[in-house]
Amino acid sequence: MKDWEALAEWFHKNREANQTDYYLIQHPALLELIGEVSGLRVLDLGCGPGSLAIALSELGAEVTAIDSSPTMLNIARKDAERNGQRVRFIQGEVKEWEGPEANYDLVTAINLLRYLERPSRLIPVVKRALASRGRFIISDAHPILNAGGRPGELTERRVCEYFDRRESSMVFRDNGRKRQVRFYRRPLSDIFSLLTENGMVVTKFSEPQPKESLVAEGNQKYYEAGNRFPFCYLIEAMKWEGNNG
């Protein structure tokens, strides 16, 4: 995740200023899926600039958020303070986290899995953290976004490499400088297998479309494209507890 350290400031400003697909599609879909959180204990893995952690704190959750990027966490802490929210932010690698066992009602991993070479290392952390009947929610860019014949183009997107499992990279322009961020291509079936083969039960799945009421100046292209193909996916899972529940 160190690739994001140099891009943290630019990423945050771009997301907030342009109300990109995260705010048009992913964030509202997450809040709808998560539902009522007042009084719940939440662990947000790979929290980035803290958008979801702060939103859940505003809704009454007790939130602990972890990220490896000091700059991302600095942004998150400032935004939380600006919004009058108390979120416990921790710097560290999510796959090495060793917090209290069976302590959290909800664990989230948003826009994280595609940056992990071995996402299976995350599952023991999640299972250890989840309380009985606790939920694990994953959301990430839909694999189809990076399977196009013309990456980056929203108007002409052709699927040609959906099942191509390999390391790849995205290029961003930060004040004229090109910066690369590595990620790993994998189809959705790999994510489902990751969960079910490691003692998790998938309870909900969605590929949300944008809500027309959230369209703002500057994000119309995401609205139009988001009604043609999915920008993200959401999965809710729980620990398998056999006949105990």
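In what follows, the accompanying structure is described. (Residues numbered from 1 in each chain as written. Predicted model: local features only at pLDDT ≥ 70, side-chain atom pairs only at ≥ 80, totals over all residues. Heavy atoms only, no water.)

### Here we look at the sheet that holds strand S4 (residues 104-110)
Line of reasoning, step 1. Pairing in this open sheet of seven strands is mixed, and the strands run S3-S2-S1-S4-S5-S9-S8 from one edge to the other. In this open sheet, the two strands that pair with only one neighbour each are strand S3 (88-91) and strand S8 (200-206). Neighbour-to-neighbour, the strand axes of the sheet open up by a mean angle of 20 degrees, direction not taken into account.
Line of reasoning, step 2. Bridging between S8 and strand S9 (residues 232-239) involves six bridges; their strand directions are antiparallel. Bridge pairing in S9 links Phe 205 to Ile 235.
Line of reasoning, step 3. Contacts from helix H2 (residues 21-34) reach S4, strand S5 (130-141), S8 and S9, with the element oriented near 165 degrees to S5.
Line of reasoning, step 4. The strands touched by helix H4 (residues 70-82) within the sheet are strand S2 (62-67) and S3, with S3 carrying the most contacts at an inclination of about 170 degrees. (Pairing = 2+ DSSP bridges. Helix = DSSP H or I, 4+ residues; strand = E, 2+ residues; numbered from the N terminus. Axes fitted to C-alpha atoms, helices over the stretch in contact; angles between N-to-C directions. Contact = heavy atoms within 4.5 Å.)

### Details of empty space enclosed by the protein
Line of reasoning, step 1. All chains considered together, the criterion is met by two cavities of 30 Å³ or more.
Line of reasoning, step 2. In this model, the largest cavity occupies a volume close to 160 Å³.
Line of reasoning, step 3. For the largest cavity, the lining is made up of 17 residues, of which Arg 114, Pro 143, Tyr 184, Arg 185 and Arg 186 are closest to its centre.
Line of reasoning, step 4. For the lining of the largest cavity, the residue count by class is 10 nonpolar, one polar and six charged. (1 Å grid on protein atoms, 1.4 Å probe; cavity = no way out; pocket = protein on both sides within 12 Å on 5 of 7 lines; lining within 4 Å. Points joined across faces, edges and corners; volume = space filled by probe spheres on them. Nonpolar A, V, L, I, M, F, W, Y, C, P; charged D, E, K, R; others polar.)

### Describing H2
Line of reasoning, step 1. Here H2 is 14 residues long and its end C-alpha atoms lie 19 Å apart, about the 20 Å a rise of 1.5 Å per residue gives.
Line of reasoning, step 2. Along H2, the helix axis deviates most sharply at His 27, where the bend reaches about 30 degrees; the proline Pro 28 sits within four residues downstream.
Line of reasoning, step 3. Burial analysis of H2 places 11 of its 14 residues in the buried class, the great majority of the element.
Line of reasoning, step 4. Within H2, burial applies to Tyr 22, Tyr 23, Leu 24, Ile 25, Gln 26, His 27, Pro 28, Ala 29, Leu 30, Leu 33 and Ile 34. (Expected span 1.5 Å × (residues − 1). Bend = angle between axes of the 7 residues up to and from the residue. Buried < 20%, exposed > 50% of the residue type's maximum accessible area, 1.4 Å probe, protein only.)

### Notes on the nonpolar core
Line of reasoning, step 1. Ile 34, Leu 52, Leu 56, Val 63, Phe 89 and Phe 231 are the most contacted members of the largest nonpolar core, which has 35 residues in total.
Line of reasoning, step 2. Of all the elements in the fold, those that place two or more residues in this core are H2, helix H3 (51-58), S2, H4, S4, S5, helix H7 (220-226) and S9.
Line of reasoning, step 3. It is H2 that provides the largest number of residues to this core, a total of eight residues.
Line of reasoning, step 4. If you look at the next biggest cluster of nonpolar residues, it comprises 27 residues, including Leu 45, Ala 129, Phe 136 and Tyr 233. (Core = buried A, V, L, I, M, F, W, Y, C linked by side-chain atoms within 4.5 Å.)

### So, the environment of Trp 240
Line of reasoning, step 1. Along the chain, Trp 240 turns up in the segment after S9.
Line of reasoning, step 2. On the basis of relative accessibility, which here comes to 59%, the residue Trp 240 falls in the exposed class.
Line of reasoning, step 3. It is 38 Å that separates the C-alpha atoms of Trp 240 and Glu 81, two residues lying 159 residues apart in sequence.

### Notes on helix H6 (residues 188-196)
Line of reasoning, step 1. Considered for burial, the residues of H6 that qualify are Leu 188, Ile 191, Leu 194 and Leu 195. The buried side chains of H6 occupy one side of the element, clustering within an arc of 115 degrees when seen end-on.
Line of reasoning, step 2. For H6, the secondary structure elements touched by its buried residues are helix H5 (123-129), S5, S8 and S9. (Arc of directions from axis to C-beta.)

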